[in-house]
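Examining the three-dimensional arrangement
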Amino acid sequence: MADSPRRSRVCTGSVTAVVDIDAAIGFVVAHGDVVDRARLSRLRTGTPPGPDVLDVAEGGQLPDGGWPAYLEGKVASVDATCFRLAELDDLGAIGRPAARRALDWLAFRQLPDGGWEEDAALADTAPEWARPGDPEAGFYLTANAAFWLTVAGLDARAAGPLDHRVGGVYAGVVHAAALSLVARLNPDGSWPSFLAAGWLSAGVLFRQEMFQESARIQVALAERIADMSPANVAWLAASLRRVGVDEQDWILVRARRRLAETQRSDGGWESDDGHQFDVHATLTAIRACR
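Rules used in this analysis
Residues numbered from 1 in each chain as written. Predicted model: local features only at pLDDT ≥ 70, side-chain atom pairs only at ≥ 80, totals over all residues. Heavy atoms only, no water. Helix = DSSP H or I, 4+ residues; strand = E, 2+ residues; numbered from the N terminus. Buried < 20%, exposed > 50% of the residue type's maximum accessible area, 1.4 Å probe, protein only. Lys, Arg positive; Asp, Glu negative; His and termini not counted. Salt bridge = Lys/Arg side-chain N within 4 Å of Asp/Glu carboxyl O. Contact = heavy atoms within 4.5 Å. Axes fitted to C-alpha atoms, helices over the stretch in contact; angles between N-to-C directions. Left-handed = near helix turned anticlockwise from the far one by under 90°. Nonpolar A, V, L, I, M, F, W, Y, C, P; charged D, E, K, R; others polar. pLDDT = per-residue confidence, 0-100.

Time to look at the side chain of Glu 118. Mapped onto the elements of the fold, Glu 118 is located in the loop between helix H5 (97-108) and helix H6 (135-153). Although Glu 118 lies buried, it forms no salt bridge, and the closest oppositely charged side chain, Arg 109, sits 5.4 Å away as judged by the N-O distance. With residues up to four places along the chain from it excluded, the contact list for Glu 118 reads Ala 76, Ser 77, Val 78, Asp 79, Arg 109, Ala 130, Pro 132 and Leu 141.

Turning next to the packing of helix H4 (residues 78-90) against H5. At their nearest, the axes of H4 and H5 sit 11 Å apart, and the two run at 145° to each other. Where H4 crosses over H5, the two elements pack in a sense that is left-handed. Seen from H4, the contacting residues are Val 78, Thr 81, Cys 82, Leu 85 and Leu 88; seen from H5, they are Ala 99, Ala 102, Leu 103, Trp 105 and Leu 106. When grouped by side-chain class, the residues that make up the contact of H4 with H5 number nine nonpolar, one polar and no charged.

So, on to the confidence of the model for the chain. For the chain, per-residue confidence averages 90 on the pLDDT scale, and 89% of positions sit at 70 or higher. Here residues 1-6 scores under 50 on pLDDT; set against residues more than four positions off or in separate chains, the count is seven contacts. Under a pLDDT of 50 for its full length, residues 156-164 has, in the predicted model, 16 contacts with residues more than four places off or in other chains.

All chains considered together, the criterion is met by nine salt bridges. Residue Arg 264 is joined to Asp 266 by a salt bridge in which the shortest nitrogen-to-oxygen separation is 3.2 Å. Given a relative accessible area of 37%, Asp 266 falls into the partly exposed group. One salt-bridge network, held together by shared partners, links Asp 36, Arg 39, Glu 87, Asp 90 and Arg 287.

This paragraph deals with the environment of Phe 147. On the secondary structure map, Phe 147 appears in helix H6. Accessibility expressed as a relative area gives 2% for Phe 147, which makes it buried. Each C-alpha atom, one on Phe 147 and one on Gly 203, is 6.7 Å from the other, the two residues being 56 residues apart in sequence. Once you skip the residues sitting within four places of it in the chain, Phe 147 turns out to touch Leu 200, Val 204, Ser 239, Arg 242 and Val 243.

Below, the structure written as structure tokens:
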């Protein structure tokens, strides 16, 4: 019997692991909000969201183009803006004016050394991974901002002239970020920052055709997959697939196996940020396995 089109099968030797996509879809439908369900619909069928959904997804954007970390916030956050761009990417809205303004804002915020950090005004409220002035946070924010500028660069037109080099309209910005990231990598491929900075950096360097540097990071990541949380494995796999790493690449096969092992009986996956984010983690897993 042929595999169900709703299941993602990973075979390793004599072991077969299966991600139950039907169950994951059911979890999002049962527990997601209107934006979550619209993201699911586009991931499954390519159906574009309606204007009302886009209004919600793009809501709260500040005049400078970024999004604040908190409702009613007045200072844009690099981390929060990247999170919104990920949602808009799922909705197929990365080329809309709201996303273009956010991408341009990120590009404008790049520091002279090629990196990013949060506004000093957020020092008292930023989580540890986004704390202004902290080198580990700066590396993570650089990887995150550069990742989304990389992903969107070939799809979205910035305020300046279109650039057809690797990275598209943000080629110079992304290249400077890649050099900043590479300069801080350790010889064994490890990085001086939080776990997520690894796969985001690997994605940036892969698209910059710095394949050796990207591969070193991927080897270091693969060794840790067995101990990663489900949400992190989903984020890793979805990020690498988004930048064009082949789905049969060994790190992605290993990641899907881990997702199959950690999928709950209700179809969802657990978020590291509390159960209110389980739907987001599940959508990320669906994106990784679709």
